Amino acid sequence: MTATDPRTTTIPMTGHRITDPDLFSWIQEIGALTQPDQIYVCDGSQEEYERFAAELVEAGTFIKLNETKRPGSYLARSEPSDVARVESRTFIASEKEIDAGPTNNWAEPTALREELRGVFAGAMRGRTMYVVPFSMGPVGGPISRVGVELTDSPYVVASMRIMTRMGAAALEQIDRGADWVPAVHSVGYPLVQADGASRPDVAWPCSDTKYIVQFPETREIWSYGSGYGGNALLGKKCYALRIASVLGRDEGWMAEHMLVLKITGPDERVYHLAAAFPSACGKTNLAMLRPTIPGWKVETIGDDIAWMRPGDDGRLYAINPEAGFFGVAPGTGETTNPTAIAALDRDVIFTNVALTDDGDVWWEGLTDEVPAHLTDWQGNDWTPDAGRPAAHPNSRFTVRADQAPSIAPEWEDLGGVPIDVILFGGRRATNVPLVAESYDWEHGVFIGATVSSEQTAAAEGAVGALRRDPFAMLPFCGYNMADYWGHWLEMGEKLGDKAPRIFQVNWFRKGSDGTYLWPGFGENSRVLEWALRRVNGEVGAVDAATGRLPRTEDLNLEGLEVTESELAELFAIDPASWSAEADLTEEYFGQFGSRLPDAMTDQLAQLRERLAN
Ligand code: OXD
Ligand code: MN
């Protein structure tokens, strides 16, 4: 399309008015490129959400669930090819390849921009382009930031309304001069082809060609071809982690893949904890933990992402930049996470779970009893003997955070909450003890940098091989991972003795008989209690090669059936297998070349020294 094409100037804009000139001209420019029939500016109201939901039902994208059983809730079924984030098509298009680092897919920005212009040309023909202004974090807060997503997916608009503070208030921030991140999204399924031929819409439009692109220098996001989760709800992984990690590096703060908890002890003392875990390590369950030990109360601030910044008092303050939970459904059940189940009783968008015969939802792990008949996530009849799951393993619920009974009253405090403790966890059958405290911040950064999980048979590669996921940020760090470790080291220097204490945890260690040694779930509160009592200076610790371990008498095991030998296995540190792991870490660090901070090499040497003694 040329600049003189009449569509450039005649695309009607409906909804809220745009007054910021830069925003206005960007919308016009993307409209001219993607050629939607109309442009609609979202106000974020409940009435608007309900209108979109009704349109999605009409279009067949949403199935309205039983209003008595699950009021205000919907089920969407995606295309089987569009069910998860696509890391192989996720790019960091920094000017220099070295700035993306060896763990990211780098793409040369000028060539990629050209390629994207081709892909997006006419991509929205026959559709509406929605303008979705959003705030990550409470609107107007000192740690919060705004963005605008242009999308041709009403499913994305409805989901963004739950996951972010979306609409007029965010737009007002831009009108007042706030910096904003532009994010362009198309499902890549135009209804009118370049030759003018029309085609009908489908329930889940998407494309086999996919791009999830971050330009870190210009702070831009472009996403094409997918309507699913982190690929399409651009406030989440693309902005709040990949772009925000770059903003944090440049501006002296941190964007982390961490849940945030408020914990109140028996003496009413309040603590806050942030924790990073790779996928499939029970992060949502920890975010909604119900302690089994008396006197302790755990409340939720966030379940996935934390933005953290030093406050005036020198401590590190965290906000949850999101407004909702986009949680994995399978494994979330009455016994494993009753809080999440309570949050899901109304006003939820479910994606790719199974449908019950009475118009409700089901997924593996929701109830012990499996329904005799279901419609599976692809719309087929399903019975327990089907030999395949009824819900997709990555099926999701999208729900407002404040529907969780565990939500902390402070969860929307503009200035955030002061963090006392940071946890790093992985899924480790071997080597890593239940809990260990780092010797200092630098050692904590080493622990974060070496987070890993043993591969399961289902994953690629040899069983038992380590999948490295430093800081649980592997797919989410918008720049060179070694520089990111350097940024953490700098933040530690800035925070000094006000820095949170860092611990390593592992709920998944197995005994020699192959069974889990620790019961997990609510019992993990015992581990949190020890960490917080360490912060208080109430309990001692035993110096060990990989960190400071609890003295047996300090770990609250009352009412728990763990034998002495199980306890010994939970905390065993085998120098030989740790030395082998140290060799693998050296190899892993090697790929970062001269960007690797010296402190990481020093930490590895110190670990080896401790193992030798
Ligand atoms: C998520 C993820 O969906 O980390 O939160 O993949
Ligand atoms: Mn996540």
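Residues numbered from 1 in each chain as written. Chains lettered and ligands numbered in written order. Predicted model: local features only at pLDDT ≥ 70, side-chain atom pairs only at ≥ 80, totals over all residues. Heavy atoms only, no water.

- The name given to the protein in an unreviewed UniProt entry is Phosphoenolpyruvate carboxykinase [GTP], and the organism recorded there is Georgenia yuyongxinii.
- Here is the UniProt Function (unreviewed entry) comment for the protein, exactly as written: "Catalyzes the conversion of oxaloacetate (OAA) to phosphoenolpyruvate (PEP), the rate-limiting step in the metabolic pathway that produces glucose from lactate and other precursors derived from the citric acid cycle."
- Here is the UniProt Pathway (unreviewed entry) comment for the protein, exactly as written: "Carbohydrate biosynthesis; gluconeogenesis." (UniProt positions renumbered as here; feature names shortened; annotations may be inferred.)

1. Observations regarding the site of ligand 1
Right, on to step 1. Taken together, the neighbourhood of ligand 1 is formed by Arg85, Lys237, His257, Asp304, Arg396 and Phe476.
Right, on to step 2. With respect to ligand 1, the side chain of Asp304 contributes an N or O atom lying 3.3 Å from an oxygen atom.
Right, on to step 3. For ligand 1, the protein covers 86% of the area, taking 210 Å² as the surface of the free molecule. (Near = heavy atom within 4 Å. Polar contact = N/O pair within 3.5 Å; in protein donor to acceptor, adjacent residues only side chain to side chain. Areas by Shrake-Rupley, 256 points an atom, 1.4 Å probe, with all protein chains shown as cover.)

2. Quick word on helix H3 (residues 46-59)
Residues separated by three or four positions in an α-helix point in the same direction, a consequence of the helix having 3.6 residues per turn.
Right, on to step 1. Spanning 14 residues, H3 covers 20 Å between terminal C-alpha atoms, matching the ideal 20 Å at 1.5 Å per step.
Right, on to step 2. Among the residues of H3, Glu48, Tyr49, Phe52, Ala53 and Leu56 are the ones counted as buried. Seen from one end, H3 has its buried residues packed into an arc of 135°, which puts them on one side.
Right, on to step 3. Residue Gly60 follows H3 closely and has a positive phi angle near 85°. (Helix = DSSP H or I, 4+ residues; strand = E, 2+ residues; numbered from the N terminus. Expected span 1.5 Å × (residues − 1). Buried < 20%, exposed > 50% of the residue type's maximum accessible area, 1.4 Å probe, protein only. Arc of directions from axis to C-beta.)

3. Notes on the packing of aromatic side chains
Right, on to step 1. If you walk through the whole model with that rule in mind, you get 32 aromatic pairs.
Right, on to step 2. Summarising the aromatic geometry, the rings of Tyr271 and Trp296 are spaced 6.4 Å apart at their centres and angled 25° between planes, so their arrangement reads as stacked. In this pair, Tyr271 is assigned in strand S14 (residues 270-276) and Trp296 in the loop between helix H10 (283-287) and strand S15 (297-302), connecting sequence segments 25 residues apart. In this pair, the class of Tyr271 matches that of Trp296, namely buried.
Right, on to step 3. Here a set of aromatic residues connected by ring pairs shows up, and it is made of Phe62, Tyr74, Tyr155, Trp204, Tyr228 and Phe326.
Right, on to step 4. A cation over an aromatic ring shows up here: Arg113 above the ring of Phe215, its NZ or CZ 4.0 Å from the ring centre.
Right, on to step 5. In this structure, Lys510 packs its charged tip against the face of Tyr516, placed 5.1 Å from the ring centre. (Phe/Tyr/Trp six-rings, centres within 6.5 Å; stacked < 30°, edge-to-face > 60°. Lys NZ or Arg CZ within 6 Å of the ring centre and 35° of its normal.)

4. Details of the nonpolar core
Soluble, globular proteins show a tendency: their nonpolar side chains are buried together.
Right, on to step 1. Grouped together as the largest cluster of nonpolar side chains are 127 residues, with contacts concentrated most on Trp307, Trp485 and Trp488.
Right, on to step 2. Counting 40 residues, the second largest nonpolar core, distinct from the first, contains Ala436, Val505, Leu557 and Val562. (Core = buried A, V, L, I, M, F, W, Y, C linked by side-chain atoms within 4.5 Å.)

5. Focus: the environment of Leu247
Right, on to step 1. As for its position among the elements, Leu247 is in helix H9 (residues 235-251).
Right, on to step 2. Taking relative accessible area as the criterion, Leu247 reaches 4% and is therefore assigned buried.
Right, on to step 3. The sequence separation of Leu247 and Gly444 amounts to 197 residues, and the corresponding C-alpha distance is 23 Å.
Right, on to step 4. Every residue in contact with Leu247, bar those within four places of it in the chain, is listed here: Arg145, Arg219, Tyr239 and Trp253. (Contact = heavy atoms within 4.5 Å.)

6. So, the environment of Gln504
Right, on to step 1. Within the element layout of this structure, Gln504 appears in strand S30 (residues 501-505).
Right, on to step 2. The class for Gln504 is buried, based on a relative accessible area of 12%.
Right, on to step 3. In sequence terms Gln504 and Ala275 are 229 residues apart; their C-alpha atoms lie 9.6 Å from each other.
Right, on to step 4. Look past the residues within four positions of Gln504 in its chain and what remains in contact with it is Phe424, Val432, Leu434, Val435, Ala436 and Ile447.

7. Focus: the UniProt feature "binding site: substrate" (unreviewed entry) in the protein
Right, on to step 1. Here, UniProt's "binding site: substrate" (unreviewed entry) annotation points to Arg85, Tyr228, Gly229, Gly230, Ser279, Asn394, Ser395 and Arg396.
Right, on to step 2. Assignment of secondary structure puts Arg396 in strand S24 (residues 396-400).
Right, on to step 3. Here Arg396 falls in the buried class, since its relative accessible area comes to 17%.
Right, on to step 4. Residues in contact with Arg396, not counting those within four places in the same chain, are Tyr228, Phe326, Gly327, Val328, Ala329, Ile349, Phe350, Thr351 and Val353.
Right, on to step 5. Polar side-chain contacts of Arg396 include one of 2.9 Å to the backbone oxygen of Phe326.

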